[in-house]
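Residue-level structural notes
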There are 2 protein chains.
Amino acid sequence: MYEGAVQELIDELGRLPGIGPKSAQRIAFHILEADPEDMKRLSGAITNVKERVKFCTICGNVSEQETCNICRDPRRDPSAICVVEESKDVLAIERTRSFKGRYHVLGGAINPIGGVGPEQLRIRELLNRLSDGQIQEIIIATDPNLEGEATATYLARMLKTIGITVTRLASGLPVGGDLEYADEVTLGRAFEGRRSLT
Amino acid sequence: MYEGAVQELIDELGRLPGIGPKSAQRIAFHILEADPEDMKRLSGAITNVKERVKFCTICGNVSEQETCNICRDPRRDPSAICVVEESKDVLAIERTRSFKGRYHVLGGAINPIGGVGPEQLRIRELLNRLSDGQIQEIIIATDPNLEGEATATYLARMLKTIGITVTRLASGLPVGGDLEYADEVTLGRAFEGRRSLT
């Protein structure tokens, strides 16, 4: 064990996701030897995020104001909502520049083993957004894994009764990938979703 | 790009060793969603380490006082010094409980490509410690890699002239390992260093 402050820092770092004891130690020593100004910026950035960043009251995305940049932007198409699991998914989709509507961040996916049911997700907030009749399409962009699929199925069933178009992002071969390395489920999905070229 | 504070935190985290852009993003979102008290402790631990932790004026190990716990401990054997590259090596050796002397932390190893020569290491401080004639053995415990070996050779040559016993930790097969998986250099060292069992 190190003396007080070093060990405390190693312990705190070790609680972060993906940081094992060895990494925590390496990072702690880096911090110890780094420029004090840089480290002031790091601890300041942590404090800042906790103080300044909230979640958009409309879509649940991270935001430094009551509502996020996207929800406030009048140029965004008000008739389409893309439903994602996490804020980072919003960023990933924004990078593609292929969606001009708004988002809804669920805050996770249905995962009975992990104790996450529909009531833990921001589904009620989504329904509230549909009440004004402006929304015409809900695009479900949850992850293409077990939890994401379960969430998509749940939402699709629930939204069907309201009469809004519900779509799901296509599954298939990753662009630039090699067919022979694709797993069988992905390849199967690619077959199911095949499109006419003629 | 995220809004201000989140992106700033991702940037600062991404500068830490072994944290790539994806990890930085994952950790930033963890911090965002974590308990504010826990995160206050994390940023406090960083500030604390920078404010409170110094380096022992005798051995160069991390310490919250002028001299470290080990250098201050009167029960430690004053006739032996174990020379290591980094503070973390002190901890690794302390865990074995097989060394009762004191340490000397060089602050790295000789690495001409990385621009680290003997003058960048705490070698002068080591020589100063030898001047009182109390030291009888120097155990060189630098890493068993190219830079560590170069440093060991350099120190051994320099110390030879003073007439102090200089030893080097044994290289050989890791205990619990499989002979067939040992690399050839390690296996070669294990042969060179073979001991009589009779």
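What you see is a predicted model; the values in this text were computed from it and never measured. Within every chain, residues take consecutive numbers counted from 1 along the sequence as written. Numbering of ligands from 1 and lettering of chains from A proceed in the order in which they are written. This being a predicted model, a pLDDT of at least 70 is required before a residue's local features are given, and a value of 80 or more before pairs of side-chain atoms are given or counted; all residues contribute to the totals for chains, interfaces and linings. The side-chain values count all of the structure's non-hydrogen atoms but skip hydrogen atoms and water molecules.

1. Topic: the interface of chain B and chain A
The figure often quoted for interface size is the accessible area lost as the parts come together. Quick note on the threshold: The contact criterion used is simple: two residues touch if any of their non-hydrogen atoms lie within 4.5 Å. Once two parts are brought into contact, the accessible area they lose, counted with a 1.4 Å probe and summed over both, makes up the buried area. Throughout this description, the term salt bridge denotes a Lys or Arg side-chain nitrogen within 4 Å of a carboxyl oxygen of Asp or Glu. In the analysis that follows, any N or O atom pair within 3.5 Å is treated as a polar contact, provided that within protein one partner can donate a hydrogen and the other can accept it, and provided that, for residues neighboring in sequence, both atoms belong to side chains. Secondary structure counts use DSSP, requiring at least four H or I residues in a row for a helix and at least two E residues in a row for a strand, with both numbered from the N terminus. Gly is put with the polar residues, along with every residue not named as nonpolar or charged; the nonpolar set is Ala, Val, Leu, Ile, Met, Phe, Trp, Tyr, Cys and Pro, and the charged set is Asp, Glu, Lys and Arg.
Facing 50 residues of chain B, the contacting portion of chain A comprises 49 residues. Summed over both partners, the interface of chain B with chain A comes to about 4,600 Å²; 67% of that surface belongs to carbon and sulfur atoms. For chain B, the biggest contributors to the area lost against chain A are Glu-3, Ile-46 and Lys-50 of chain B; these three give 15% of the whole. Notably, a salt bridge pairs Glu-12 of chain B with Arg-41 of chain A, separated by 3.0 Å at the nearest N-O pair. Our count for the contact surface shared by chain B and chain A stands at 12 residue pairs in polar contact (both at pLDDT 80 or more). Secondary structure elements with two or more residues in the side of chain B that touches chain A: helix H1 (4-14), helix H2 (21-33), helix H3 (36-52), strand S2 (62-63) and helix H5 (87-96) of chain B. A per-element tally of the side of chain B that touches chain A places H3 of chain B first, with 13 residues. Tallied by class, the residues present in the side of chain B that touches chain A amount to 25 nonpolar, 10 polar and 15 charged.

2. Thoughts on the packing of H1 of chain B against H2 of chain B
Residue and element names in this part refer to chain B. The condition is simple: Axis definition: a line fitted to C-alpha atoms, over the contacting stretch in the case of helices. Angles run 0 to 180 degrees between N-to-C directions. Roughly parallel means an angle under 35 degrees; roughly antiparallel, over 145; roughly perpendicular, 65 to 115; everything else is oblique. In this scheme the crossing of two helices becomes right-handed for a clockwise turn of the near helix relative to the far one and left-handed for an anticlockwise turn of less than a right angle.
It is the contact of H1 with H2, at a shortest axis distance of 9 Å, that shows an interaxial angle of 130°. One finds that H1 runs oblique with respect to H2. In the packing of H1 onto H2, the handedness of the crossing is right-handed. Facing H1, whose interface residues are Val-6, Leu-9, Ile-10, Leu-13 and Gly-14, H2 presents Ala-24, Gln-25, Ile-27, Ala-28, Ile-31 and Leu-32. A class-by-class count of the residues in the contact of H1 with H2 yields nine nonpolar, two polar and no charged.

3. Concerning the sheet that holds strand S5 (residues 137-140) of chain A
What links the strands of a sheet is backbone hydrogen bonding, and the strands pair in either a parallel or an antiparallel sense. All names here are of chain A. Selection criterion: Here the rule is simple: two strands pair whenever DSSP picks up at least two bridges between them.
One open sheet accounts for four strands, arranged S4-S3-S5-S6; its pairing is parallel. In this open sheet, the two strands that pair with only one neighbour each are strand S4 (102-105) and strand S6 (165-168). Direction aside, the axes of adjacent strands within the sheet are offset by 25° on average. When S5 meets S6, the two strands line up parallel, connected through four bridges. Across the sheet, the residue bridging to Ile-140 is Arg-168, located in S6. Packed on one face of the sheet, helix H6 (residues 123-130) meets strand S3 (80-84), S4 and S5 and runs near 150° to S4. Here helix H7 (residues 146-160) sits on the sheet in contact with S3, S5 and S6, set at roughly 170° to S6.

4. Points about the pattern of salt bridges
Opposite charge on two side chains permits them to pair, given that their charged atoms come into close proximity. Where we set the bar: Exposure categories follow from relative accessible area, calculated using a 1.4 Å probe and restricted to protein chains: below 20% of the type maximum is buried, above 50% is exposed, and the middle band is partly exposed.
Counted by the stated rule, this structure contains 18 salt bridges over all chains. Measuring nitrogen to oxygen at the nearest pair gives 3.0 Å for the salt bridge that ties Arg-15 of chain A to Glu-12 of chain A. Owing to a relative accessible area of 10%, Glu-12 of chain A belongs among the buried residues under this scheme. A salt bridge links Glu-149 of chain B to Arg-168 of chain B; its shortest N-O distance comes to 3.3 Å. Highlighted residues: Glu-149 of chain B in helix H7 (residues 146-160) and Arg-168 of chain B in strand S6 (residues 165-168), separated in sequence by 19 residues. Classification of Glu-149 of chain B as partly exposed rests on a relative accessible area of 23%. Classification of Arg-168 of chain B by relative accessible area gives partly exposed; the value is 28%.

5. Looking at the nonpolar core
For clarity, the cut-off: Within this scheme, the nonpolar core is defined by two criteria: the residues are buried Ala, Val, Leu, Ile, Met, Phe, Trp, Tyr or Cys, and they are joined through side-chain atoms within 4.5 Å.
Core analysis: the largest hydrophobic core is formed by 46 residues, its most contacted members being Leu-9, Leu-13 and Ile-31 of chain A together with Leu-9, Leu-13 and Ile-31 of chain B. Mapped by element, the contributors of at least two residues to this core are helix H1 (4-14), helix H2 (21-33) and helix H3 (36-52) of chain A together with H1, H2 and H3 of chain B. Beyond its immediate chain neighbours, meaning those up to four positions away, Leu-13 of chain A contacts Ile-19, Ala-24, Ile-27, Ala-28 and Ile-31 of chain A together with Leu-42 of chain B. Ranked by size, the runner-up nonpolar core spans 16 residues in total, among them Ile-110, Ile-123, Ile-140 and Leu-155 of chain B.

6. Topic: the relation of the copies chain B and chain A
Our working rule: Copies are brought into register by a least-squares superposition over C-alpha atoms of residues with pLDDT of at least 70 in both.
The operation relating chain B to chain A is a screw motion whose rotation component is 179°, with 0.0 Å of axial translation and a residual RMSD of 0.1 Å. The superposition of one copy onto the other is thereby described by a two-fold rotation axis. In terms of proximity to the rotation axis, the leading residue of chain B is Ser-43 of chain B, whose C-alpha is 2.3 Å off the axis. Taken together, the interface assignments show that 98% of the residues at the interface of chain B recur at the interface of chain A, consistent with an identical surface on both copies.

7. Points about the UniProt feature "zinc finger region: C4-type" (unreviewed entry) in chain A
Put simply, the rule is: UniProt positions are given in the numbering used here, feature names are shortened, and annotations may be inferred rather than shown by experiment.
Cross-referencing UniProt, the feature "zinc finger region: C4-type" (unreviewed entry) maps to residues 56-71 of chain A in the present numbering. Within the segment residues 56-71 of chain A, helix and strand shares are 19% and 12% respectively, and the terminal C-alpha atoms sit 8 Å apart.

8. Description of the side chain of Glu-12 of chain A
Checked against the element boundaries, Glu-12 of chain A lands in helix H1. Those residues within four positions of Glu-12 of chain A in sequence are excluded, and the remaining contacts are Asp-38, Arg-41, Leu-42 and Ala-45 of chain B.

9. As for the packing of aromatic side chains
Put simply, the rule is: Two rings belonging to Phe, Tyr or Trp (six-membered ring only in the last case) form a pair when the distance between their centres is within 6.5 Å. Interplanar angles under 30 degrees mark stacking, angles over 60 mark edge-to-face geometry, and anything in between is tilted.
All chains considered together, the criterion is met by two aromatic pairs over all chains. Seen in terms of ring centroids, Phe-99 of chain A and Tyr-103 of chain A are 5.3 Å apart; in terms of plane orientation they differ by 70°. Their pairing is edge-to-face.

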